[in-house]
Amino acid sequence: MMKITRRQWLAGGSKLMLASMLPRPLWAAQTADSTLHLQAQESTVNWLQKPTTLWSYNQTTLHLKQGVPQKIRVTNNLPQATTVHWHGVRVANAMDGVSGLTQSPIQPGEYFEYEVMSPDAGTFWFHSHHNTVEQLARGLYGALIVSGEKEPVFEQDWLLLMDDWLLNEDGQIDTTFNNLHTQAHAGRMGNILSVNAQLGAWKQQTQPGDRVRLRLVNTATNRILQLRPEFPGALLLAKDGQPLMTPEPVGDLIVMGPGERWDLGWLANQTGQLLEVSGQTPLLVAEVNVSSNAAMALPLYPGTMALPANPMPLPSSEIDQKIDLILEGGAMGRLQTAHYQGKTLSFRELVNHGQVWTIAGQAGMSTEPLFRTRPGQTIELQLDNRTAFAHTIHWHGHHAWADNRWQDSLTLTRGQRKTVRLLTGNTGKWLIHCHMIDHQATGMVTWFEVV
Ligand SMILES: [Cu+2]
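Please read all numbers here as calculations on a predicted model, not as lab measurements.

Caption draft 1: Spotlight on the overall build of the protein chain. Of regular secondary structure, the protein chain possesses seven helices and 33 strands. For 451 residues, the compact-globule estimate of 2.2 N^0.38 gives 22 Å, and the protein chain sits close to it at 23 Å. Projected onto its principal axes, the C-alpha positions of the protein chain cover 80 × 65 × 55 Å. Buried residues in the protein chain amount to 52% of all 451 residues. In the protein chain, the proportion of contacts linking residues at least 24 apart, taken out of those at least 6 apart, comes to 74%. Surface exposure of the protein chain reaches about 20700 Å², of which carbon and sulfur atoms provide 52%. A distance of 7 Å separates the average location of the 34 positive side-chain charges in the protein chain from that of its 38 negative side-chain charges.

Put into structure tokens, the structure is as follows:
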């Protein structure tokens with residue numbers, strides 16, 4: 001190990017002094033300017049009669065260029081440690097932001113410098129991945145828009161971050177983040193729906209004939225959004241940041257589990273709206289008004305709206321490895337036993353450890369990965385939801401081919417089975433977990449390793 005002598009230290013010190021007296025070299029200024037500074041901090045919103053305190057970032061939307069590395073310095077101004085996960089971005093593993101797996105958490109008052117390079121253009125988001133059950137519920141997330149050079153022009157490019165908040169009678173974030181009974185069911189549900197951190201419907205105005213791109217992100221901790229799009233002629237352009245090969249009609253309902261994204265596109269010709277219909281009465285989420293001189297519907301040109309493909313290969317039909325991803329546990333799940341921290345425990349014993357959900361017979365993180373593989377391998381994941389609840393399974397740093405498209409998250413209804421093909425990419429340790437954060441926190445999390 002190099003020993004720093006007093007003389008070296010003095011020499012270094014005097015150089016430093018000299019440097020500070022000289023005019024700042026241009027490259028230093030450029031370096032400083034190109035780093036994005038993200039602060040995790042307290043903030044307030046005025047949704048009710050008095051302010052509500054949230055945890056948030058100083059920037060709610062980050063813009064990156066496809067394929068261009070971006071340094072992002074995250075400074076933690078919160079009273080507890082944190083990390084940032086770049087959801088859906090095929091980052092280098094050390095940048096994935098998983099506390100305890102890919103990095104140590106950023107302590108209060110400290111910072112961590114991420115370098116995020118997205119090979120894909122599209123709609124992503126970022127959020128805390130440390131004590132997520134509390135930090136996401138308090139609002140610690142933002143949108144990450146990666147733009148590509150060859151994307152078609154849209155006169156309107158809008159983003160909707162939709163969230164579900166649980167506020168108490170004082171209008172503050174309810175702090176019962178870990179209620180095992182709730183967690184063994186569908187998870188903590190909110191009593192407030194926000195769109196872009198505002199209460200009430202999000203409204204915009206556009207001209208007839210404008211090409212509209214609408215990026216939908218479900219940032220809720222546990223709630224599945226059921227959205228009814230009423231935008232005539234609207235098409236699905238991309239899922240989880242990956243363009244569909246051919247845009248498809250949106251249909252009557254878009255079901256979005258926590259963390260999932262959809263990009264919609266249409267040619268504005270009449271006023272349209274987006275409703276959330278999971279509750280007893282539909283909630284108006286968004287309204288796009290088109291000035292009334294649009295006399296007739298305009299023809300659609302799906303081809304002109306198609307987003308260029310990202311550098312994802314077509315899925316291989318040759319499977320290198322098959323992995324069973326059986327989801328078990330929860331209320332009414334009849335789980336008998338599971339592995340937890342190297343032991344086989346009864347369901348009752350698991351509950352005593354705050355664990356109620358399992359993936360492939362294992363509750364929580366294991367010391368060994370679920371599987372170990374090499375880059376460029378096609379892994380068939382056989383998802384089998386043997387529980388009485390829906391789950392949104394998210395794989396880190398990768399997309400998997402499911403329902404004829406690349407996705408980083410997939411919602412399975414109770415009892416549903418689905419086979420997806422994951423193409424392994426960057427080396428490292430990657431999580432697979434339920435993005436209903438209450439399920440993740442109580443066992444539904446595992447990992448795989450690419451070496
Ligand atoms: Cu789940």
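Caption draft 2: Region of the structure containing the domain arrangement of the protein chain. What the domain assignment lists for the protein chain is domain 1 (24–147), domain 2 (156–305) and domain 3 (321–450). A separation of 27 Å is found between the C-alpha centroids of domain 2 and domain 3. In this assembly, domain 2 packs against domain 3 so that about 1900 Å² is buried in total across both faces, 56% of it on carbon and sulfur atoms. Connecting domain 2 to domain 3 are two salt bridges. The partner of arginine 405 in a salt bridge is glutamate 248, and the shortest N-O contact between them spans 3.2 Å. At the boundary of domain 2 and domain 3, one finds 17 residue pairs in polar contact (both at pLDDT 80 or more). Counting only elements with at least two residues in the side of domain 2 that touches domain 3, the list comes to α4 (180–183), β16 (242–249) and β18 (261–267). At four residues, β16 tops the list of elements feeding residues into the side of domain 2 that touches domain 3. Looking at the side of domain 2 that touches domain 3 residue by residue, the class counts come to nine nonpolar, nine polar and six charged.

Caption draft 3: View of the layout of surface pockets. In this structure, the largest pocket spans a volume of roughly 400 Å³. Residue lining of the largest pocket: 20 residues in total, with Ser99, Met365, Gln440, Ala441 and Val445 positioned closest to the centre. Elements represented by at least two residues in the lining of the largest pocket include exactly α3 (132–135) and α7 (437–441). Of the residues belonging to the lining of the largest pocket, the class tally is nine nonpolar, eleven polar and no charged. No fewer than three residues from each of domain 1 (24–147) and domain 3 (321–450) sit in the lining of the largest pocket. Roughly 310 Å³ of volume is contained in the second largest pocket. In terms of lining residues, the second largest pocket is bounded by 18 residues, among which Thr60, Tyr141, Leu161, Asn196 and Ala197 are the most central. Broken down by secondary-structure element, the contributors of at least two residues to the lining of the second largest pocket are β1 (36–45), β2 (52–57) and β9 (156–165). Grouping the amino acids of the lining of the second largest pocket by side-chain chemistry returns nine nonpolar, nine polar and no charged. A domain split of the lining of the second largest pocket shows at least three residues from each of domain 1 (24–147) and domain 2 (156–305).

Caption draft 4: Summary view of the packing of aromatic side chains. Applying the stated rule across the entire model yields eleven aromatic pairs. Note on phenylalanine 231 and tryptophan 266: the rings are 4.1 Å apart at their centroids and 10° apart in plane angle, and the pair reads as stacked. Of this pair, phenylalanine 231 sits in the loop between β14 (225–230) and β15 (235–239) while tryptophan 266 sits in strand β18, placing them 35 residues apart in sequence. The interplanar angle of 10° and the centroid separation of 4.9 Å between the aromatic rings of phenylalanine 371 and phenylalanine 448 together place this pair among those described as stacked. In this pair, phenylalanine 371 is assigned in strand β25 (residues 371–373) and phenylalanine 448 in strand β33 (residues 445–450), connecting sequence segments 77 residues apart.

Caption draft 5: Quick look at the sheet that holds strand β17 (residues 254–256). Strand order across the open sheet formed by five strands is β12-β20-β19-β14-β17, with mixed pairing between neighbours. Only two strands of the sheet have a single neighbouring strand rather than two, namely β12 (202–206) and β17. Averaged over all pairs of adjacent strands, the angle between strand axes in this sheet comes to 15°, irrespective of strand direction. Bridge analysis of β14 against strand β19 (residues 272–276) gives four bridges, and the strand direction is antiparallel. Looking across to β19, one finds that proline 229 is bridged to leucine 274.

Caption draft 6: Expanded view of the environment of aspartate 403. Within the fold, aspartate 403 resides in the loop between β28 (400–402) and β29 (405–407). We classify aspartate 403 as partly exposed; its relative accessible area is 38%. Counting along the chain gives 15 residues from aspartate 403 to lysine 418, while the straight-line C-alpha distance between them is 9.0 Å. With sequence-adjacent residues up to four places away left out, aspartate 403 is seen in contact with Leu410 and Lys418. Looking at aspartate 403, its side chain comes within polar contact range of the side chain of lysine 418, at 2.7 Å.

Caption draft 7: Spotlight on the coordination of the copper ion. Of the protein atoms, only His391 (ND1), Cys434 (SG) and His439 (ND1) coordinate the copper ion, at distances of 2.0 to 2.1 Å. Each donor residue of the copper ion belongs to the same chain, and together they define the spacing H-x42-C-x4-H. Judged by relative accessible area, histidine 439 falls into the buried class, the value being 0%.

Caption draft 8: Local environment of empty space enclosed by the protein. Taken as a whole and judged by the stated rule, the model has one cavity of 30 Å³ or more. Quantified by volume, the largest cavity comes out at close to 60 Å³. Partitioned by chemical class, the residues of the lining of the largest cavity number five nonpolar, two polar and three charged.

About the thresholds
Residues numbered from 1 in each chain as written. Predicted model: local features only at pLDDT ≥ 70, side-chain atom pairs only at ≥ 80, totals over all residues. Heavy atoms only, no water. Helix = DSSP H or I, 4+ residues; strand = E, 2+ residues; numbered from the N terminus. Rg over C-alpha atoms; globule rule 2.2 N^0.38 Å. Buried < 20%, exposed > 50% of the residue type's maximum accessible area, 1.4 Å probe, protein only. Contact = heavy atoms within 4.5 Å. Areas by Shrake-Rupley, 256 points an atom, 1.4 Å probe, with all protein chains shown as cover. Lys, Arg positive; Asp, Glu negative; His and termini not counted. Charge placed at Lys NZ, Arg CZ, Asp CG, Glu CD. Domains from an automatic or database assignment. Buried area = accessible area lost by both parts, 1.4 Å probe. Salt bridge = Lys/Arg side-chain N within 4 Å of Asp/Glu carboxyl O. Polar contact = N/O pair within 3.5 Å; in protein donor to acceptor, adjacent residues only side chain to side chain. Nonpolar A, V, L, I, M, F, W, Y, C, P; charged D, E, K, R; others polar. 1 Å grid on protein atoms, 1.4 Å probe; cavity = no way out; pocket = protein on both sides within 12 Å on 5 of 7 lines; lining within 4 Å. Points joined across faces, edges and corners; volume = space filled by probe spheres on them. Phe/Tyr/Trp six-rings, centres within 6.5 Å; stacked < 30°, edge-to-face > 60°. Pairing = 2+ DSSP bridges. Axes fitted to C-alpha atoms, helices over the stretch in contact; angles between N-to-C directions. Donors = N, O, S within 2.8 Å, 3.2 Å for Na, K, Ca; no water.

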